[in-house]
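The residues making up each chain are set out below.
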Amino acid sequence: MGEGRPGVAATLRALNGALGRPGALWVKESGARNLRHRDFLAPRAALSAVFPCGQVPPEAVSAVPSLRGPAVLPLRVCRQTPAGLEVQVHRPEAFQRLLGPLPGPPLTAAGARTGCVVLHCPALRSPAALRPRHLRSVLLAEHLAQLLRAQGVDVRLVPALSQERSWDVLRQLRICWPSGSGGSSLTDAISALKAALGRCPCAAACEQGPATAEAVISKVHLKSFVEQQGLLGYDPNLDVLLVTERTLQSLAELQEAVLQCPVSDPTALPASCFPSSSCCSIVHVVNCEEEFQQQQLDVLWRILDLGAHTASQKHLVCGPVKVTNPSSPIGADQYFQLRKHQMYEASVIKYGELAQDEAWTEVIDTLTVAAIRFEMLSTAHRSQITLDLENSSISTKGTKSGAFVMYNCARLATLFSTFQRAVEQGTYPPLPPASELNFSCLREEGEWLLLFNYLLPFPEVLQQAAQLPPPSKGIRITANTETVCKFLIQLSMDFSSYYNRVHVLGEPFPHLFDQMFARLQLLGAVRDVFHSALATLHLPPLSQI
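Per an unreviewed UniProt entry, the chain carries the name DALD3 protein and comes from Prunella fulvescens.

In structure tokens, the structure reads:
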């Protein structure tokens, strides 16, 4: 039992190795119907490509259940079927290893810091009021920062919020973003960039007018530089850029963030970030409408600073945010207030006078933030989002909303507070240590579904969501930023189905305690997964609803 915490990837590697093939022959099952009789499958089509008639040698089949190793699930049986080679896990032992007292890394343990990423969100420099499309890129950048930090990556968020402007909507959405004024170091960086601009062969000075942030300092020919350097992925319409004081301030902020990165050894960069010769990675998180302007800034920075870090710039582009039937352009603050009003009305309908109590103000605020974050983040960042502002279902009903996730998180909190009160009243004994629990009592279909589809893969889900794979060519990258929201939605659906079907806190008869305690241990682990995943979205768990 000293193998440590089991993992999906390690088990799949062991299964592939058992068949003497490095390729990916095996798949993990996730559907309830298939999980009734198998947990892993090597499909017949895949087997036929490497074994005559798809028939695996009997000695290889018989060796699979004896597989052992770090993070490998305990396997009970392997059999050849018409569908292919099927494996079933030894489930009581799997419950014990995932829920018991064995040592293993915490769900979101970061470990030692292994690299630095600068996340740049140009939307926060918009001189106009923020709109929903700006919110999307800001929320995505903040969520990605949390995911990277959970993997031990040092993250710098740029730009710092100006203290001269109100950021109420960010505060209402509980967006955690640094603020500051820059100071003398930023002024020095701007001066250095101006000096570099004066020496640049691609630049032509302009006549100096009034000293304002928008006054043109120089004209820089971007297209010739892009062609000379053989840069791929840039808009062919990039040509001449009119450089202003504000442009140089944007570059200076980026340069300052890079210099603050603690990594000095490029080999220390995490595998989840794209490789380069730089000490840190730079990701511009930008909405598609402002992608062209960010490409201009990217090329200008490459021209003025030929250091290695400018070569590591990549662009994570968000798709459009379409608002249906707007009477006029809607701002981010109006969007928040509308969703909050819809959430309040829905809560009054569902909970009556309770929802009008002052204590519910915080609950409704949290549900509103959850609804908006899930609305913005549960879609792949490359795809369009359509906001139907007249339809409040996103905020109140249905299994796809953030409110549904928060509701199920609150149900778990209520379950454990009810159990604790019953313990204090002497109805139940306290929950025994995990080492004393009988996990063979967990035989309900939904219990294995919760463990196998959520508790087991959760650390790997967080790792995959934080990956920034390098592009095959060009400057655009993609990230699986929708992964955590989709994971939480599916977990909420399966937990809700289980919780509606199973009475966890049964009658206080001693012969029923073993099963009740095992279920509470399982659901305590499910609660921890909820809390850890919600933390990457800056959402506090609700204790009641």
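*Asks:* Before we go on, may I ask you to explain the sheet that holds strand β5 (residues 115–120) in this structure?
*Replies:* Pairing in this open sheet of four strands is parallel, and the strands run β6-β5-β10-β11 from one edge to the other. The open sheet is flanked by β6 (153–158) and β11 (313–318), the only strands paired with a single partner. Neighbour-to-neighbour, the strand axes of this sheet turn through a mean angle of 25°, independent of strand direction. Where β5 and β6 come together, six bridges link them in parallel fashion. Paired with L119 across the strands is L157, a residue of β6. Those strands touched by helix α6 (residues 132–150) are β5, β6, β10 (281–287) and β11, and its axis lies near 160° from that of β6. Packed on one face of the sheet, helix α10 (residues 245–260) meets β5, β6 and β10 and runs near 160° to β6.

*Asks:* Mind showing me how you'd approach the nonpolar core here?
*Replies:* Soluble globular proteins: nonpolar side chains tend toward being buried together. In this structure, W26, L119, L170, M376 and L523 are the most contacted members of the largest nonpolar core, which totals 136 residues. Ranked by residue count, the leading element in this core is helix α19 (residues 510–535), at 13 residues. With near-sequence residues (within four places) excluded, W26 lies in contact with L12, L15, N16, L19, F40, L41, A42, C78, L85 and V87. Counting residues in hydrophobic clusters, the runner-up holds 37 residues, among them V158, I217, V220 and L304.

*Asks:* Please explain helix α15 (residues 402–424) as it appears in this structure.
*Replies:* The periodicity of an α-helix, 3.6 residues per turn, causes residues three or four places apart in sequence to face the same way. Between its first and last C-alpha, α15 extends 33 Å over 23 residues, near the 33 Å set by a 1.5 Å rise per residue. Of the residues one or two after α15, G426 is the one with positive phi, at around 85°.

*Asks:* Would you take a moment to explain the sheet that holds strand β2 (residues 40–43) for this structure?
*Replies:* Within a sheet, adjacent strands bond to each other through the backbone by hydrogen bonds, running parallel or antiparallel. As summarised here, the arrangement of the four strands in space is β1-β2-β4-β3, forming an open sheet in which the pairing is antiparallel. Of all the strands in the sheet, the pair left with one neighbour each is β1 (27–28) and β3 (75–81). Bridge count for β1 against β2 is two bridges, and the pairing is antiparallel. Across the sheet, residue K28 finds its bridge partner in β2, namely F40.

*Asks:* Explain the pattern of salt bridges to me, please; I cannot follow it from the model alone.
*Replies:* Think of it this way: side chains of opposite charge can pair up when their charged atoms draw near. Under the counting rule described, the total for this entry stands at 19 salt bridges. Salt-bridge contacts for R133 lead to E289; the nearest nitrogen and oxygen are separated by 3.4 Å. Here R133 is found in helix α6, whereas its partner E289 is found in the loop between β10 and α11 (291–304), with 156 residues between them in sequence. Residue class for E289 comes out partly exposed when judged on its relative accessible area of 47%. Salt-bridge contacts for D528 lead to R527; the nearest nitrogen and oxygen are separated by 4.0 Å. On the basis of relative accessible area, R527 is assigned to the partly exposed category, the value being 25%.

*Asks:* Help me understand the packing of α6 against helix α13 (residues 360–377), please; the structure alone is not making it clear to me.
*Replies:* How two helices pack is summed up by the angle between their axes together with the distance between the axes. Across the interface, α6 lies against α13 with an axial gap of 9 Å and an inter-helix angle of 90°. By the angle between their directions, the pair α6 and α13 is classed as roughly perpendicular. Contacts from P132, L135, R136, L139, L140, E142 and H143 in α6 reach I372, R373, M376 and L377 in α13. Broken down by class, the residue content of the contact of α6 with α13 amounts to seven nonpolar, one polar and three charged.

*Asks:* Mind showing me how you'd approach the packing of aromatic side chains here?
*Replies:* Both the distance between ring centres and the angle between the ring planes are used here to describe each pair of aromatic rings. Enumeration according to the criterion identifies 10 aromatic pairs in this entry. The interplanar angle of 15° and the centroid separation of 5.1 Å between the aromatic rings of W448 and F452 together place this pair among those described as stacked. Here W448 pairs with F452, and both are found in helix α16 (residues 445–455), just four residues apart, close to one helical turn. Of the two residues examined, W448 and F452, each falls in the buried class. Taken together, the ring pairs connect F40, F95, W448 and F452 into an aromatic cluster. One residue, R527, lies across the ring of F416, its end atom 4.3 Å from the ring centre.

*Asks:* Honestly, the environment of N438 in this entry has me stumped. Any pointers?
*Replies:* In this fold, N438 is placed in the loop between α15 and α16. When neighbours within four sequence positions are excluded, N438 is seen to be in contact with D514 and A518. A polar contact is formed between the side chain of N438 and the side chain of S440, at a distance of 2.4 Å.

Definitions and limits used
- Residues numbered from 1 in each chain as written.
- Predicted model: local features only at pLDDT ≥ 70, side-chain atom pairs only at ≥ 80, totals over all residues.
- Heavy atoms only, no water.
- Pairing = 2+ DSSP bridges.
- Helix = DSSP H or I, 4+ residues; strand = E, 2+ residues; numbered from the N terminus.
- Axes fitted to C-alpha atoms, helices over the stretch in contact; angles between N-to-C directions.
- Contact = heavy atoms within 4.5 Å.
- Core = buried A, V, L, I, M, F, W, Y, C linked by side-chain atoms within 4.5 Å.
- Buried < 20%, exposed > 50% of the residue type's maximum accessible area, 1.4 Å probe, protein only.
- Expected span 1.5 Å × (residues − 1).
- Salt bridge = Lys/Arg side-chain N within 4 Å of Asp/Glu carboxyl O.
- Parallel < 35°, antiparallel > 145°, perpendicular 65-115°, else oblique.
- Nonpolar A, V, L, I, M, F, W, Y, C, P; charged D, E, K, R; others polar.
- Phe/Tyr/Trp six-rings, centres within 6.5 Å; stacked < 30°, edge-to-face > 60°.
- Lys NZ or Arg CZ within 6 Å of the ring centre and 35° of its normal.
- Polar contact = N/O pair within 3.5 Å; in protein donor to acceptor, adjacent residues only side chain to side chain.

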